[in-house]
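Below, each chain spelled out in residue letters.
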Amino acid sequence: MEYRTLPHGGEKISVIGMGSSVIGERPEEEIIETVRSAMESGINYFDMAGGHATIFDAYGKAMEGKRGQVYLQVHFGADYTSGEYGWTTNLKKIKESVRWQLEKLRMDYIDFGFIHCMDEDRDLNTYIVF
């Protein structure tokens, strides 16, 4: 696997990452097997934006004991706390969703956050409710 070093933190991130959007439709055992296979192949960057809340438990099981070997990106605004994919611009609910995701992932921090669907500065002022 080829890796790139991030300029501000020095992390070595695999040039191939794994998204989770479609895999949530698969059985949990298959998700776990896929994530473990990706890690064994050297993939260490996982984008946790998925259409299904079920991915978080499966990823947590697959990555258990491997926290120092993987980098996780979550999408601020995606809300899975109901068990289904949802969207919110309410800061309190965003924080609740990130806590929920961390609990399901069995992790205590995320590496990268992505503010989803905010394309211009005015979007932050218009849509984010503090």
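Everything below is about the structure printed above this text.
Residues numbered from 1 in each chain as written. Predicted model: local features only at pLDDT ≥ 70, side-chain atom pairs only at ≥ 80, totals over all residues. Heavy atoms only, no water.

Enquirer: Honestly, the packing of helix H2 (residues 55-63) against helix H3 (residues 91-105) in this entry has me stumped. Any pointers?
Expert: Packed helices, taken two at a time, are described by the angle their axes make and the gap between the axes. Contact geometry of H2 with H3 gives a least axis separation of 7 Å together with a crossing angle of 45°. The angle between H2 and H3 falls in the class oblique. Contact residues: Phe56, Asp57, Tyr59 and Gly60 in H2; Trp100, Gln101, Lys104 and Leu105 in H3. The residue inventory of the contact of H2 with H3, partitioned by class, reads 4 nonpolar, 2 polar and 2 charged. (Axes fitted to C-alpha atoms, helices over the stretch in contact; angles between N-to-C directions. Helix = DSSP H or I, 4+ residues; strand = E, 2+ residues; numbered from the N terminus. Parallel < 35°, antiparallel > 145°, perpendicular 65-115°, else oblique. Contact = heavy atoms within 4.5 Å. Nonpolar A, V, L, I, M, F, W, Y, C, P; charged D, E, K, R; others polar.)

Enquirer: When you look at the environment of Leu72 in this model, what are you seeing that I'm missing?
Expert: If you trace the backbone, Leu72 turns up in strand E5 (residues 71-76). In the structure, Leu72 is positioned 39 residues away from Asp111 in sequence and 5.3 Å away in space, judged by C-alpha atoms. If sequence neighbours within four positions are ignored, Leu72 has contacts with Phe46, Met48, Met63, Arg67, Leu105, Met107, Ile110, Asp111 and Phe112.

Enquirer: What should I look at first to understand the pattern of salt bridges in this one?
Expert: Working definition: two side chains of opposite charge can pair if their charged atoms are close together. Applying the stated rule across the entire model yields 6 salt bridges. Residues Glu2 and Arg4 are paired through a salt bridge, measuring 3.4 Å at the closest nitrogen-oxygen approach. For Lys104, the salt bridge identified is with Asp57, shortest N-O distance 4.0 Å. On the criterion of sequence distance, the pair formed by Lys104 in helix H3 and Asp57 in helix H2 is long-range, its members being 47 residues apart. The partly exposed category is assigned to Lys104, whose relative accessible area is 24%. (Salt bridge = Lys/Arg side-chain N within 4 Å of Asp/Glu carboxyl O. Buried < 20%, exposed > 50% of the residue type's maximum accessible area, 1.4 Å probe, protein only.)

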